[in-house]
Amino acid sequence: MKATSAIRLSLAASVLALGAGFASAQEPVKACLITKTDINPFFVKMKEGATAKAEELGVELMTFAGKIDGDHETQQQAFESCIAAGAKGILITASDTKAIVDSVKQAQEQGILVIALDTPLDPIDAADATFATDNFEAGRLIGAWAKAKMGDGAADARIAFLDLSASAPSVDVLRDQGFMDGFGIDTKDAAVIGDEDDARIVGHEVTSGNEEGGRQAMEALMQKDTNINLVYTINEPAAAGAYEALKSFGKENDALIVSVDGGCPGVQNVQEGVIGATSQQYPLKMASMGIEAIAAFAKDGTKPETTEGLNFTDTGVNLVAGEAVEGVDSISVEDGLDQCWG
């Protein structure tokens, strides 16, 4: 009797264990996407890509965003929510690439895969992987194009730099310094914005990556020098604001604007001559690849591999130019519109 009872208890325990395992196997993998804002078309498209891929793979996706570009505190709180919810992976476009590292470590200690999208962390290996545009190359392309477009006039250019934020996240530094490299400016310390001594540079102002910030930054620099004839902008919303400021000074036809993003409004601005050229990146691809990576990690612990020769996974960049120039690869506005977002 005792032996029979023991066998029954053992069988019951086995059934319960199998049932628990089956239930666990049916629970969806949870993932988080944390973006800088939820209004910038770049991040809207990123969310769209993550959402579509999560639905395809049966991943339960939670999304969070800062109130404005640079809102580190909201992103930090989002990490806490993701950890508490039992997320298996977190995709992050960090507003403060240094300050977020402590939150990243806390997540990793709980066995969570953390992937930086678009904006590498500082240091880059603080994340388990980075899926991004080669932001230095994106900047270099618009710098090289601007130099070729201006021809001999490049030697006497008056350049305005419309950067992202005072915290200078890696994406800010890489695009800024890439532009200088392409244009032929000595960057001094390539990891620092604003330490160069090239006499052609009028100055740097931050924009928060939006149109109003771009307008205010351009107005501030025009107060320093109304002869500005080349404007580098961190992204296309900032470029649109810069153009409006130039118009208010009656200088919209006297300055060449270059930018980075490749959103549909930005590419249309290239078509209309508001922006001379922009480097197009692919946020939907970044995010969908990120969800795929989290699903693979949840399945067997596989982590993403980097692109050969780089310390991140390159998701591609193309220069969209209103006018092609010799020596700088570019695609047409029509091709840019076929691949744009937003």
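See the structure printed just above.
Residues numbered from 1 in each chain as written. Predicted model: local features only at pLDDT ≥ 70, side-chain atom pairs only at ≥ 80, totals over all residues. Heavy atoms only, no water.

1. Section: empty space enclosed by the protein
Rules: Cavity means a closed set of points on a 1 Å grid over the protein atoms alone, one where a 1.4 Å probe fits but cannot get out, pocket means an open set with protein on both sides within 12 Å along at least 5 of 7 lines, and lining means a residue has an atom within 4 Å of a point. Grid points are joined across faces, edges and corners, and a volume is the space filled by probe spheres set on the points. Runs of H or I in DSSP of at least four residues are treated as helices and runs of E of at least two as strands, each being numbered from the N terminus. For this classification, the nonpolar set comprises Ala, Val, Leu, Ile, Met, Phe, Trp, Tyr, Cys and Pro, the charged set comprises Asp, Glu, Lys and Arg, and every other residue, Gly included, is treated as polar.
A complete count under the given rule lists one cavity of 30 Å³ or more for this structure. Taken as a whole, the largest cavity spans an internal volume of roughly 110 Å³. Around the largest cavity, the lining is made up of 13 residues, and of these Lys36, Phe43, Asp118, Arg175 and Asn235 lie nearest the centre. Where the lining of the largest cavity is concerned, the elements lending two or more residues are α2 (41-57) and α6 (170-183). Split into classes, the residues belonging to the lining of the largest cavity amount to five nonpolar, three polar and five charged.

2. Concerning the layout of surface pockets
For the largest pocket, the calculated volume is near 430 Å³. Forming the walls of the largest pocket are 23 residues, and the residues nearest its centre are Pro120, Leu121, Ser170, Val173 and Leu174. Listed by contribution, the elements that provide at least two residues to the lining of the largest pocket are α5 (135-150) and α6. The leading source of residues in the lining of the largest pocket is α6, at four residues.

3. Here we look at the packing of aromatic side chains
Heads up, the rule is: Under the pairing criterion, centres of Phe, Tyr and Trp rings, with the six-membered ring standing for Trp, must be within 6.5 Å; the plane angle then separates stacked pairs below 30 degrees from edge-to-face pairs above 60, leaving the rest tilted. A 1.4 Å probe rolled over the protein chains alone gives each residue an accessible area, and that area as a share of the maximum for its type sets the label: buried under 20%, exposed over 50%, partly exposed in between.
According to the stated counting rule, one finds six aromatic pairs in the structure shown. Pairing Phe42 with Trp341 gives two aromatic rings, centres 5.2 Å apart and planes at 75°, and the pair type is edge-to-face. Of the two residues, Phe42 is situated in helix α2 and Trp341 in the segment after α11 (333-339); the sequence distance between them amounts to 299 residues. As far as the burial class goes, Phe42 and Trp341 line up, both buried. Where Phe179 meets Tyr232, the ring centres are 5.3 Å apart and the plane angle is 40°; that geometry is what we call tilted. Residue Phe179 is located in helix α6, and its partner Tyr232 is located in strand β8 (residues 230-233); the two are separated by 53 residues in the primary sequence. Each of the two residues, Phe179 as well as Tyr232, counts as buried.

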